[in-house]
2 protein chains.
Amino acid sequence: MPTPHHGQPRYRFIADELRERIESGVIPPGTLLPAESVLTAEFRAARGTVRKAIAALREEGLAVTEHGRGTYAKAHTYNHADQPERRQQKILADTHLAALFEVEVGTALVERVTVIRRGEQVEKVIRTYWPGPTDL
Amino acid sequence: MPTPHHGQPRYRFIADELRERIESGVIPPGTLLPAESVLTAEFRAARGTVRKAIAALREEGLAVTEHGRGTYAKAHTYNHADQPERRQQKILADTHLAALFEVEVGTALVERVTVIRRGEQVEKVIRTYWPGPTDL
DNA sequence: AGAAATTTGTCCGTATGTATC
DNA sequence: AGATACATACGGACAAATTTC
């Protein structure tokens, strides 16, 4: 069976299936996913396809893979209790920012740094820049 | 000749070559790149290898691909006003980011730059960072 | 309107080498 | 030494979107 299948690409189907198992607890947080070789057998998919599925899970933050070890399921916390931290300061435009804002290098700008955490881990860092400072 | 390891992988060599053609204007912005089939012939590489090179250009924001059409060269200028522009690329952690994410300096991160305009003026620049990349 | 050709997207199978545990 | 994942590359096949005839 060549398995073309409905609409969806195969790697996405596999990703959906694995996501389901992680979120449902079939694969508990912190435990290893089945090895790529096992998944290729189970889904009768090529390795490249399985890897693409796993890559999708990594991007979603649902899995972390370690070289030579395997891919771990990660706890999926819907916990938004973590308040983002913000810090705002005056900075001077570097070449990149100067080009974007069409100002001279060294022109004063405002930078706000927001750090978003998921538990202990820093998930994202957002740096926002705008002309200024508007002196607060 | 198959492919020795001249320091750099084949797909990167191809990407470098194409990048130079775009930036130098040999392939002007808005025009189509040669089809994958043409590139496989020119570089005597497998299609997957060519596609990987093109994918690299896409991540740099140098090209846009449309199904059934082809891959267009993109202007590399920031001076094109319309929607919020986003560019995503792999970067290496500087000391500040390394400290926040608690990783080594030089660790690979993903940076997305979003430019928000109001008319001609750049209003805000948002740089978002997160761990990765999960490659491809 | 329809068929054919072109082009990218996805998938398969295989192979070789490296790095990590 | 063995198992695992990672990176790269090849070839072939069909699907899906677009263009051309």
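Relevant structure appears above.
If you're wondering where the values come from, they're calculated on a predicted model, not measured in any experiment. (Residues numbered from 1 in each chain as written. Chains lettered and ligands numbered in written order. Predicted model: local features only at pLDDT ≥ 70, side-chain atom pairs only at ≥ 80, totals over all residues. Heavy atoms only, no water.)

**Q** Any chance you could explain the protein's contact with DNA strand C here in plain terms?
**A** Close to DNA strand C lie 23 residues, the nearest being Pro-9, Arg-10, Tyr-11 and Thr-49 of chain A together with Arg-47 of chain B. Near the protein, meaning within 4 Å, the atoms of DNA strand C are sugar or phosphate in a fraction of 73%, with bases accounting for the rest. Between DNA strand C and Thr-49 of chain A there is a distance of 2.4 Å, counted from a phosphate oxygen to a side-chain nitrogen or oxygen. Here a phosphate oxygen of DNA strand C and a side-chain polar atom of Arg-51 of chain B are 2.8 Å apart. Listed by contribution, the elements that provide at least two residues to the surface near DNA strand C are helix H1 (10–24) and helix H3 (47–60) of chain A together with helix H2 (36–43), helix H3 (47–60), strand S1 (63–66) and strand S2 (70–73) of chain B. A breakdown of the residues in the surface near DNA strand C according to their chemical character gives five nonpolar, nine polar and nine charged. (Near = heavy atom within 4 Å. Polar contact = N/O pair within 3.5 Å; in protein donor to acceptor, adjacent residues only side chain to side chain. Helix = DSSP H or I, 4+ residues; strand = E, 2+ residues; numbered from the N terminus. Nonpolar A, V, L, I, M, F, W, Y, C, P; charged D, E, K, R; others polar.)

**Q** Sorry if this is basic, but what is going on with the interface of chain A and chain B here?
**A** Note on interface size: it is often stated as the accessible area lost on association of the parts. Taken together, the contacts link 22 residues of chain A with 21 residues of chain B. Taken together, both faces of the contact between chain A and chain B bury some 2,100 Å²; the carbon and sulfur share is 55%. Of all residues in chain A, the largest losses of buried area upon contact with chain B belong to Leu-100, Val-125 and Arg-127 of chain A, amounting jointly to 32% of the total for that side. Taken together, the connections running from chain A to chain B amount to two salt bridges. (Contact = heavy atoms within 4.5 Å. Buried area = accessible area lost by both parts, 1.4 Å probe. Salt bridge = Lys/Arg side-chain N within 4 Å of Asp/Glu carboxyl O.)

**Q** Looking at this structure, I do not really get the pattern of salt bridges. What am I missing?
**A** If the charged atoms of two oppositely charged side chains come close together, the side chains can form a pair. Under the defined criterion, the tally for this structure stands at twelve salt bridges over all chains. For Arg-127 of chain B, the salt bridge goes to Asp-94 of chain A, with nearest N and O atoms at 3.4 Å. Here Arg-127 of chain B is found in strand S5 (residues 121–131), whereas its partner Asp-94 of chain A is found in the loop between strand S3 (85–92) and helix H4 (95–101) on a different chain. Asp-94 of chain A sits in the partly exposed class, given a relative accessible area of 31%. Between Arg-69 of chain B and Glu-66 of chain B there is a salt bridge, and its shortest N-O distance comes to 2.3 Å. Its relative accessible area of 57% is what places Arg-69 of chain B among the exposed residues. (Buried < 20%, exposed > 50% of the residue type's maximum accessible area, 1.4 Å probe, protein only.)

**Q** Any chance you could explain the protein's contact with DNA strand D here in plain terms?
**A** Taken together, 24 residues lie near DNA strand D, and Thr-65 of chain A together with Arg-10, Ala-46, Thr-49 and Arg-69 of chain B sit nearest. A share of 80% of the atoms of DNA strand D within 4 Å of the protein falls on sugar and phosphate groups. Residue Ala-46 of chain B places a main-chain N or O atom 2.8 Å away from a phosphate oxygen belonging to DNA strand D. One nitrogen or oxygen atom from the side chain of Lys-52 of chain B is found 3.2 Å from a phosphate oxygen belonging to DNA strand D.

**Q** Could you clarify how one ought to interpret the packing of helix H1 (residues 10–24) of chain B against H3 of chain B in this entry?
**A** Describing two packed helices takes the angle between their axes plus the distance from one axis to the other. All names here are of chain B. It is the contact of H1 with H3, at a shortest axis distance of 8 Å, that shows an interaxial angle of 50°. Overall, the two elements H1 and H3 adopt an arrangement that is oblique. Between H1 and H3 the crossing geometry is right-handed. Counting all contacts with H1, which are made through Arg-10, Tyr-11, Ile-14, Ala-15, Leu-18, Arg-19 and Ile-22, the residues of H3 involved are Thr-49, Val-50, Lys-52, Ala-53, Ile-54, Ala-56, Leu-57 and Glu-60. In terms of residue class, the contact of H1 with H3 is made up of ten nonpolar, one polar and four charged. (Axes fitted to C-alpha atoms, helices over the stretch in contact; angles between N-to-C directions. Parallel < 35°, antiparallel > 145°, perpendicular 65-115°, else oblique. Left-handed = near helix turned anticlockwise from the far one by under 90°.)

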